[in-house]
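Chain and residue survey
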Amino acid sequence: MSRYAAMFERLGGEGAFGAFLMLGDPDLQISARLLDAVVAGGADMIEVGIPFSDPVADGPVIQAAAQRALAAGVRTGDCLDLIAGFRARHRDVPVGILTYANIVLARTGFMRDVAEAGADSLLIADVPALEAEPFVAKMEQAGIAPVLIAAPNTPDTTLKRIAKLSKAYTYCVSRPGITGTHEGGRFDSLLVERLCCAGAPPQVFGFGISRPDHVRAALSTGAKGVICGSAIVECAALGGDVTALVRLLKGRPGTTRHRNELNLPAKESGNGCACDLARTNPIGAGLDSDRAVSGDQERRRDPVSPGLRTDGSAHQI
Amino acid sequence: MGLNGRFGRFGGCYVPEILVPALEQLEAVFLDAQEDPAFHDELNGLLANYAGRPTPLTRCRNLPGNIYLKREDLLHGGAHKTNQVLGQGLLAKRMGKTRLIAETGAGQHGVATAIVGALLGFETVIYMGAEDVERQKLNVFRMELMGARVIPVESGGRTLKDAINEALRDWSASFETTHYLLGTAAGPHPFPTMVREFQRVIGREARAQIVDQLGHLPDAVVACVGGGSNAIGLFADFIDDPVRLIGVEAAGRGLDGAEHGATLLRGTVGILHGAETYLLQDAEGQVADTWSVSAGLDYPAVGPEHAHLKDSGRAEYVGCTDAEALAAFKALAEGEGILCAFESAHAVAHALKLAEQEQDSAIVVGLSGRGDKDVSQAQALLA
C-alpha cells in the first residue's frame, strides 16, 4: 500500500494535514530541521517545493522562499538529498513534491531520482491536465504518484481527466489566484462532490489556509485533507516555531490523535459523497440522491463529524 | 482547445489549471471573431483610420545596398505593437471584460495597451520590471498620461520576464473580469497563433509593397526577435516564398558571455511562461537573467513558432551586439533621417552587414518602432 493510502486509511476520514516547505530555504541544514519540526507538530504528510526562478503560481511568501534557497546555492540534487534524509528519519510520512515543469524537464531521469530519494508524489504547478499525459506516463514508470490540480472553474470533462490521472490525492484550489496572498478561500463543497463523483483520489484543499478556521472550513466540505504553505513558510522565515504553528492549525496540542482515540463515528463505506449513497440506493435515485446530498451536508456540519478539530488549548505563536 | 497549439514540438499551454478555462475562452472568441466579417470591418477600420495603416515601405537612399524599411515606426503609438492590441482589445470587449493587464519591456507594448485601454474604455494596469521603469521613463509617463497604472516589478532580474510572471499571477486571480493582453507571439496557446495573425498585416503589406516597387520578391526579410511578434508578423506572408527569413537576436555585450538575450542562438529547450521553447537557462532549469541595451529584446525565452522555424531551418537567426545596434541607430539617423528604436536597430545592423556582402540583394527590414523612447539613453551611450 502506498504511504498516502496508508495515511488516509490510518486517519479514517479525519482530515489529513499537509505542511508545505520550500526545500533549501533558507539553507540545507535549517531546511532539514524544519521538515522534522512540522512532523513533530503533527503534519500527516509533507509537501516540498523544489525552488524555481519563475514560480508563476506562487505569491510573495513562497517566491521569496524559492529566492532564498536559490541565493543559498541550493540545487535540485541538494533537494533530493534533503528528501532522502527525511525519508531515512521518517519511514511512513508521505512526501509530495511541488515544482514547475522546467525543473522536471531540465534533469534527465528526474522521476527516477525523486523516486529513489523516497518521494511519493509530484505536482507540477504549470502542467494542467491538458498537457499532463507525457509527464504522468513518466511518473508512473518511475513509481511516483501524479497529483493534478482541480479548481472550482475546471469543467467536468477536465475533472474526469484529472480524476483519472491523479493517483495520490487531488489538489483542490480553494479560489482563483496564487498561493498565500489572500485570506481564506471559498472552500467549494461542489468541487469536492464533483471530484468524488468523477472517482478522483482524496480531495485535499490548498491555497488560502492560514488559520485553524480555514482548516475547519476546508474540511467541512468533505475534503480529505488540507495543505498549508505560505503561513508555515512565513513563520519559518520570521524565526517562529513551526511545530507550534502546525499544532495550532490542526487545532490539537500534542501529536496526532487517531480517529479511534477520539471515539469518532465509524467511517462510511465508499468515498462518502452523494454518488456513493445514490449508488447504494438505486431505487428512486433522483429523490434519494437529493436527500443524500442534504443529509451529507448536515453530517459535515455536525461538530463531532470527521475532520480536524479545535479544542481551544492550542499554543499561541 | 480547438486549434493545434504546437509548432512542431514547441508551444503548448503550460499554465496552472485555473487559467485553462480563460485561455479556452480566448481561443473560442478568437476563432469566432475570425469568422465574423463585422469584427474584421471594425479592426480594419481602426487600423486604417486610427492607427494609420498601411505603413510605408521606404527604400533607403543613402545607406549602402538595397535596403527597404517597413515603417512600423510610423504607426500610431510608435511601434508595431498597436496592430495586435487593437485586435486583442476588440476580443476583450467581445468577452465582456472590463480590465486589461499587460507586461511591458521597452514600454512600447505598455503604451500600446494604454492606447487601446483609453480608446475602448478599459481599466488598464501595466506590469513593468523596475529596471525597465528606470530605463524607459518617458514611456512610463506616456502610459500614465493615457490613464494606465504602471506597476514596477521588483522580483527576479526586474525586467520583462518578471513583468510577465507578475501579469500571469494577476490574471490567475482576475480572469473573470480581466483580459491579459500579452504583448508578443509567445506565452501559452492561443497567444502565439493569435498575435501572429494580428501582426500578419505587416508582412502582407510589405510583400505587396516590395513587389509593387521592385517588380519581384525581396532576397531577404530581416527583423529583430525578442519575443518575436514583429518578426513573425513580417515573416508570416513570406513563409512559402523563396525568400531568406532572418531573425536578429540581442547579442548584448557578446555571445560568449552571459550578458545577452540570444535565446535561439545560445538557449536550450525548456518551458517558461506557458510554452515549450528555447530558453536561456542553467543546467538545472533556472532561467537566466538576460541583457540587452534594448529593453524589448531583454527576454530569456522566445515565441515557440520561432523555435520551430529555427529547428526546421526555414528561418535563420543571428546576433547583433549592443555596439553594432548603436552604430546602426546612428547610421540610420545620419543617413536617412530616421530615429529607430534600439530593438529595430538590431535588424538594421544585420541588414547593413548583409548589404556589404551582397550589394544587389533586396532586403526588407522590419523597422518595428521609433526611437524617441531611446533618445536619452542614446545621448548617454554615444557621448
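Source: prediction; values computed, not measured. (Residues numbered from 1 in each chain as written. Chains lettered and ligands numbered in written order. Predicted model: local features only at pLDDT ≥ 70, side-chain atom pairs only at ≥ 80, totals over all residues. Heavy atoms only, no water.)

Quick look at the environment of Ile-164 of chain B
Residue and element names in this part refer to chain B.
- Following the sequence through the fold, Ile-164 ends up in helix α7 (residues 160-174).
- Overall, the relative accessible area of 4% leaves Ile-164 in the buried class.
- For Ile-164 and Met-128, which are 36 residues apart along the polypeptide, the C-alpha to C-alpha distance reads 8.4 Å.
- The contacts of Ile-164, once residues within four sequence positions are left out, are Glu-103, Tyr-180, His-273 and Tyr-299. (Helix = DSSP H or I, 4+ residues; strand = E, 2+ residues; numbered from the N terminus. Buried < 20%, exposed > 50% of the residue type's maximum accessible area, 1.4 Å probe, protein only. Contact = heavy atoms within 4.5 Å.)

Some words on the interface of chain A and chain B
- The interface is formed by 38 residues belonging to chain A together with 33 residues belonging to chain B.
- Linking chain A to chain B there are 3 salt bridges.
- A salt bridge links Arg-75 of chain A to Glu-284 of chain B, with the shortest nitrogen-to-oxygen separation between them at 3.6 Å.
- The tally of links between chain A and chain B comes to 18 residue pairs in polar contact (both at pLDDT 80 or more).
- Within the residue set of the side of chain A that touches chain B, elements represented by two or more residues are α3 (60-71), α5 (101-106), α7 (129-142) and α8 (156-165) of chain A.
- When residues in the side of chain A that touches chain B are grouped by element, the largest group, 5 residues, is from α5 of chain A.
- Within the side of chain A that touches chain B, the residues separate by chemical class into 23 nonpolar, 8 polar and 7 charged. (Salt bridge = Lys/Arg side-chain N within 4 Å of Asp/Glu carboxyl O. Polar contact = N/O pair within 3.5 Å; in protein donor to acceptor, adjacent residues only side chain to side chain. Nonpolar A, V, L, I, M, F, W, Y, C, P; charged D, E, K, R; others polar.)

Details of the pattern of salt bridges
Residue and element names in this part refer to chain B.
- Throughout the structure, instances matching the rule amount to 43 salt bridges over all chains.
- Between Glu-324 and Lys-353 there is a salt bridge; the shortest N-O distance is 3.3 Å. Of this pair, Glu-324 sits in helix α12 (residues 322-336) while Lys-353 sits in helix α13 (residues 342-357), and the two are 29 residues apart along the sequence.
- Judged by relative accessible area, Lys-353 falls into the partly exposed class, the value being 31%.
- Connected through shared salt-bridge partners, Arg-196, Glu-197, Arg-200, Asp-237 and Glu-305 make up one network.

Focus on the side chain of Ser-121 of chain A
Residue and element names in this part refer to chain A.
- In this structure, Ser-121 sits in strand β4 (residues 121-124).
- We classify Ser-121 as buried; its relative accessible area is 1%.
- Leave out the neighbours within four places in its chain, and Ser-121 touches Tyr-4, Val-95, Gly-96, Ile-97, Ile-144, Ala-145, Val-147, Ala-168 and Tyr-169.

Focus on the state of the cysteines
Residues and elements named next belong to chain B.
- Going through the model one piece at a time under the given rule, you end up with 0 disulfides over all chains.
- Distance from the sulfur of Cys-340, which forms no disulfide, to the nearest cysteine sulfur (Cys-224) is 9.1 Å.
- For Cys-340, a relative accessible area of 0% gives the class buried. (Disulfide = S-S within 2.5 Å.)

Digging into helix α1 (residues 3-11) of chain A
Residue and element names in this part refer to chain A.
- Buried within α1 we find Tyr-4, Met-7, Phe-8 and Leu-11. End-on view of α1: buried residues confined to an arc of 95°, all on one side of the axis.
- Against β1 (16-22), β2 (45-49), β3 (95-99), β4 and β8 (203-206) lie the buried residues of α1.
- Positive phi shows up at Gly-12, right after α1, with a value of about 55°. (Arc of directions from axis to C-beta.)

A closer look at the confidence of the model for chain A
Residue and element names in this part refer to chain A.
- Confidence along chain A averages 83 in pLDDT terms, with 78% of residues attaining 70 or more.
- Note on residues 253-270: pLDDT is under 50 here. Beyond four places in sequence and across chains, it has 36 contacts.
- Across residues 277-317, confidence stays below pLDDT 50; counting only partners more than four residues off in sequence or on other chains, it has 62 contacts. (pLDDT = per-residue confidence, 0-100.)

Overview of the packing of α12 of chain B against α13 of chain B
All names here are of chain B.
- The interhelical angle for the contact between α12 and α13, taken along N-to-C directions, is 85°, at an axis separation of 7 Å. Accordingly, the angle class assigned to the pair α12 and α13 is roughly perpendicular. Here α12 contributes Glu-324, Ala-325, Leu-326, Ala-328, Phe-329, Ala-331 and Leu-332 to the contact with α13, which in turn contributes Phe-342, Ala-345, His-346, Val-348, Ala-349, Leu-352 and Lys-353.
- By residue class, the composition of the contact of α12 with α13 is 11 nonpolar, 1 polar and 2 charged. (Axes fitted to C-alpha atoms, helices over the stretch in contact; angles between N-to-C directions. Parallel < 35°, antiparallel > 145°, perpendicular 65-115°, else oblique.)

Some remarks on the sheet that holds strand β5 (residues 145-146) of chain A
- Judged by pairing direction, the sheet is parallel, and its 9 strands sit side by side in the order β5-β4-β3-β2-β1-β9-β8-β7-β6 (chain A) without closing on themselves. Every other strand in the sheet has two partners, leaving β5 and β6 (149-150) of chain A as the edge strands with one partner each. (Pairing = 2+ DSSP bridges.)

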